[in-house]
Amino acid sequence: MGKTYRIAVVAGDGTGPEVIREGIKVIDTLSRKSDFKIDWIYYNLGGEQYKKCQEILPDSVLAELRKVDAIYLGAIGHPDVKPGILEKGLLLRLRFELDQYINLRPVKLYPNVASPLKDKTPEQIDFVVVRENTEGMYCGAGGFLRKGTPQETAVQESINTRFGVERCIRYAFELTKKRNKQKKLTLCGKTNVLTYAFDLWERAFYHVAKEYPGVKPDYAHVDATCMWMVKNPEWFDVIVTDNLFGDIITDLGAMIQGGMGIAAGGNINPNGVSMFEPIGGSAPKYTNQNVINPLAAICAGGMMLETIGETAAGQKIEAAVIKCLSTGKIKSLAAGRMGLTTTEMGDFVATNL
Ligand code: IPM
Ligand code: MN
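None of the values given here were measured: they were computed from a predicted structure.

(A) Representation of the environment of Glu 211. One can find Glu 211 in the loop between helix H6 (197-209) and strand S9 (216-221). Between the C-alpha atom of Glu 211 and that of Arg 170, which follows or precedes it by 41 residues, the distance is 9.1 Å.

What follows is the structure in C-alpha cells.
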C-alpha cells in the first residue's frame, strides 16, 4: 500500500483558486493511477477572509499547518487590502514561521514556448535559482526616525547570519551535485558595494565549496547576473543568492522561460513543512473568467510531489506538461491567449499523464 499525504490547500486570492483547482485535478488523476493518496485540507485564508474577520493567519491555523505534509498555495494579494498586509501577514509569515529557508525557482524553457530571448533554445535556458528565504532585507529590521517631518529618516537593514547563509549555500551545493549538469554553482551578490553582507556570503560560499570538490564555484554580481541571464543564460546551472536579489532575478527568470504562466516555485524546509506556489500574483483582473494559465500551479504541484517523496509522480507531471506543450495546441502561455480555458488546460495535462 502506498502512502497517504495530508496537504493543506491555501488557494488564496484572485485567480489562486482557479489555478489550484487544476493542479489538484492533475494530482488526483495521477494519484488514481498510482500508489499514493492525497487528503486535501482546505483553508480559507487571504484578502476576502481578512476583510470579513480582520484575521490573516490565526495561531490555531498555523499550528495545524505545522503538522501537514506540504502546503499548496495559490496567490496572495487583494485589490482592497493595502499592499504589504497580506504579503507580510500570510505569505512571508508562513515562510518564516515554518522556516522554509530555501526558495527554489527553476528557470526552464520548455519546448514550443516563446521566450523573449529570440535565439535561445530549451537547452540554453535551464537553470535553478536557490533564493535564501528567511533573512536579508525581508526580516523587517529597521525603522523610522522623525517620521512625517521634513527631517524624517527611514532605515531598512539586511540581516545575514552565518548560520542562515551557510545552510542555504550548502543546500545549493547539494542540488548542483544532484542535478549533475554543468556542476557549476554561481553565487550572485554585490561584493563590490555590499561589503559586509556579501563578504559574509562570499566567505561562507568558498568555505562550503571545499566540501564539494566536484562542483565548480563561480561568482557574479547581481547586475551582471541580470545581463547574463539575458545574453548567456546557458552559462548558468544553479544560482544561489540572498532573499531580495533572488526575488528580483527570478522575475527576470520567469520572463525568459515564457512568463508567469509557467513559473513555479517551492518554499522549502528540508526538515519540515514546505509550500509550493505559482510565482505569479493573484491577477485580479482575470479572476473567475476561466482564462488564467494554470500550468505554473500544475508545475508547482509536480515540485511538491517530488519534495514529499513521490519523485516519479512529480516527474510525470512535468513530462505531461512538456507533452502538452509539444503538441503545439497551446497558442500562448499568457492569460486569455492560450487558445484553451483554464479548466481545459487542466484537463489537457490530466489526459496526457
Ligand atoms: C515572491 C513575491 C513575494 C516576495 C511578495 C508577494 C512578498 O514577490 O514570492 O517573489 O517578495 O517574496
Ligand atoms: Mn517576487
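Picking up after the structure, the text goes on.
(B) Fine view of the nonpolar core. Core analysis: the biggest nonpolar cluster contains 84 residues, and Val 240 and Leu 295 have the highest contact counts within it. The residue makeup of this core includes at least three contributed by each of domain 1 (1-101 + 263-353) and domain 2 (115-257). Ranked by size, the runner-up nonpolar core spans 22 residues in total, among them Tyr 43, Leu 45, Ile 76 and Val 81.

(C) Region of interest: the site of ligand 1. What surrounds ligand 1 is the set Glu 87, Leu 91, Arg 95, Arg 105, Arg 131, Tyr 138 and Asp 247. Arg 105 has a polar side-chain atom sitting 2.8 Å from an oxygen atom of ligand 1. Across the complex, the protein chains shield 75% of the 310 Å² of accessible surface that ligand 1 would expose by itself.

(D) How the structure looks around the pattern of salt bridges. Under the counting rule described, the total for this entry stands at 21 salt bridges. The shortest N-O distance in the salt bridge between Glu 234 and Lys 120 comes to 3.1 Å. Of the two residues, Glu 234 sits in the loop between helix H7 (222-231) and strand S10 (238-241) while Lys 120 sits in the loop between strand S4 (102-108) and strand S5 (126-132), which places them 114 residues apart along the sequence. When its relative accessible area of 24% is taken as the criterion, Glu 234 is described as partly exposed. Taking the shortest distance from any N to any O, the salt bridge between Arg 179 and Asp 126 comes out at 3.7 Å. Residue Arg 179 is located in helix H5 (residues 162-179), and its partner Asp 126 is located in strand S5; the two are separated by 53 residues in the primary sequence. Looking at Arg 179, the relative accessible area reads 19%, which means it is buried. Salt bridges sharing common partners tie together Asp 59, Arg 66, Arg 93 and Glu 97.

(E) Representation of the pairing of strand S12 (residues 274-278) in the model. Of all five residues in S12, five are buried; the element is thus mostly enclosed. Neither face of S12 is open: one carries Ser 274, Phe 276 and Pro 278, the other Met 275 and Glu 277, and all of them are buried. The pairing of strand S3 (residues 70-75) with S12 spans three bridges and is classified as parallel. Residue pairing in the sheet places Ala 70 in a bridge with Ser 274 of S12. Of the pairings in the sheet, the one linking strand S11 (residues 264-268) to S12 comprises four bridges and is antiparallel in character. Across the sheet, residue Gly 265 finds its bridge partner in S12, namely Glu 277.

(F) Structural context of the environment of Arg 6. Residue position: Arg 6 is located in strand S1 (residues 4-12). Look at Arg 6 and you get partly exposed, because its relative accessible area is 37%. As for Arg 6 and Val 68, which are separated by 62 residues in sequence, their C-alpha atoms are 5.5 Å apart. If we skip the residues at most four places from it in the chain, Arg 6 touches Asp 39, Ile 41, Lys 67, Val 68, Asp 69 and Ala 70. A distance of 3.4 Å separates the side chain of Arg 6 from the backbone oxygen of Lys 67, its partner in a polar contact.

What counts, and at which threshold
- Residues numbered from 1 in each chain as written.
- Chains lettered and ligands numbered in written order.
- Predicted model: local features only at pLDDT ≥ 70, side-chain atom pairs only at ≥ 80, totals over all residues.
- Heavy atoms only, no water.
- Helix = DSSP H or I, 4+ residues; strand = E, 2+ residues; numbered from the N terminus.
- Core = buried A, V, L, I, M, F, W, Y, C linked by side-chain atoms within 4.5 Å.
- Buried < 20%, exposed > 50% of the residue type's maximum accessible area, 1.4 Å probe, protein only.
- Domains from an automatic or database assignment.
- Near = heavy atom within 4 Å.
- Polar contact = N/O pair within 3.5 Å; in protein donor to acceptor, adjacent residues only side chain to side chain.
- Areas by Shrake-Rupley, 256 points an atom, 1.4 Å probe, with all protein chains shown as cover.
- Salt bridge = Lys/Arg side-chain N within 4 Å of Asp/Glu carboxyl O.
- Pairing = 2+ DSSP bridges.
- Contact = heavy atoms within 4.5 Å.

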